[in-house]
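Analysis of the macromolecular model
So you can see what is in the structure, the chains are spelled out below.
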Amino acid sequence: RNEKLAPEGELALAYTPVALRDALQTCLALDHRMGRIVAATSEPMLGQMRLAWWRDMLGSDPATRPRGDLVLDAIGEQWSGRENALVQLVDGWEVLIASDKIDFDQLRQVAEGRSAPFVALFAEDDHELASRVRSAGMRYVCADLASRISDQDEREQAILFGLGLELRDGRLPKAARGLAVLEALAIRALRRGGRPLLEGRGAGLAAFRAGFLGR
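A quick note: this is a predicted structure, and the numbers were derived from the prediction, not measured.

Observations regarding the packing of helix α3 (residues 44–58) against helix α4 (residues 70–78)
Two packed helices can be described by the angle between their axes and the distance between those axes. Here α3 crosses α4 at 30°, and the two axes come no closer than 11 Å. By the angle between their directions, the pair α3 and α4 is classed as roughly parallel. Relative to α4, the crossing made by α3 is right-handed. When α3 is examined against α4, the residues W53, W54, M57 and L58 are found in contact with a partner set consisting of V71, L72 and I75.

Given below as structure tokens:
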């Protein structure tokens, strides 16, 4: 494994078909890595420089990238030709470094950026499905942010934004059942006031139902 994931990420992988599991694991690992960088950043310029390095690497020929970073190596194996979605993920995280206070517009930028890899992985050539996948991914991002944010006003913004996203009808396809698990846990967590996604006895049941039904 190339990066320790949050428990809900590991659970999502368990419901993802084997053919897509490594690619999902890699984008979740990059997301986790970017989150660690942002959380550890006290000087915005230094944090932006670290994110810029990742953008440069993602924009370069995989053959020319340095070897040895397990996340970057896995991206070369699993995401070659689709790196633009990962660049959007990095851009989404950078919004948090550059902003003193998070508002709805910035939340949308973060959520859209971090959900871009889900769209690329599960619905790249299907516009209707892409909208469904994007809303699920954005809802997960809002719940994840709400569980991380210490500022009460910003947490409430993330909760309101996540719950305000259109709850699109229809199941996610079997290929995206891992994302369905994340979405179900996110809705539950947001309704509970931005609590951790797997907190409480009902979380496992919500994940199980979404993993089998797709919603």
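Examining the nonpolar core
If you look at the biggest cluster of nonpolar residues, it comprises 71 residues, and the most contacted ones within it are M34, W54, W79, F118 and V133. A per-element tally of this core places helix α7 (residues 127–148) first, with 11 residues. Sequence-distant contacts of W79, that is, excluding residues within four places in its chain, are made with A23, T26, C27, A74, A85, L86, P117, A120 and L121.

Description of helix α8 (residues 152–164)
Across its 13 residues, α8 extends 18 Å between first and last C-alpha, which sits within 8% of the 18 Å expected from 1.5 Å per residue. Every buried residue of α8 is listed here: E154, R155, A158, I159, F161 and G162. The buried residues of α8 occupy an angular sector of 165° when the element is viewed end-on, so they sit on one face. Facing away from the buried side of α8 by over 90 degrees, the exposed positions are L160 and G164. Contact partners of the buried residues in α8: α6 (104–122), α7 and α9 (177–191).

Focus on the packing of aromatic side chains
Within this structure, the stated rule accounts for five aromatic pairs. Ring geometry for Y15 versus F212: centroids 6.1 Å apart, planes at 85°, classification edge-to-face. Here F212 lies in helix α10 (residues 202–213) and Y15 lies in the loop between α1 (7–14) and α2 (18–39), a separation of 197 residues in the sequence. F212 gets classed as exposed once you look at its relative accessible area, which sits at 52%. Measuring from ring centre to ring centre gives 5.3 Å for W53 and W54, while their planes differ by 85°; the resulting arrangement is edge-to-face.

Some remarks on the state of the cysteines
Covalently bonding the sulfur atom of one cysteine to the sulfur atom of another cysteine gives a disulfide. For the structure shown, the criterion picks out zero disulfides. Left without a disulfide partner, C27 is nearest to the cysteine sulfur of C142, which lies 17 Å away. For C27, a relative accessible area of 3% puts it in the buried group. The buried category is assigned to C142, whose relative accessible area is 0%.

Analysis parameters
Residues numbered from 1 in each chain as written. Predicted model: local features only at pLDDT ≥ 70, side-chain atom pairs only at ≥ 80, totals over all residues. Heavy atoms only, no water. Axes fitted to C-alpha atoms, helices over the stretch in contact; angles between N-to-C directions. Helix = DSSP H or I, 4+ residues; strand = E, 2+ residues; numbered from the N terminus. Parallel < 35°, antiparallel > 145°, perpendicular 65-115°, else oblique. Left-handed = near helix turned anticlockwise from the far one by under 90°. Contact = heavy atoms within 4.5 Å. Core = buried A, V, L, I, M, F, W, Y, C linked by side-chain atoms within 4.5 Å. Buried < 20%, exposed > 50% of the residue type's maximum accessible area, 1.4 Å probe, protein only. Expected span 1.5 Å × (residues − 1). Arc of directions from axis to C-beta. Phe/Tyr/Trp six-rings, centres within 6.5 Å; stacked < 30°, edge-to-face > 60°. Disulfide = S-S within 2.5 Å.

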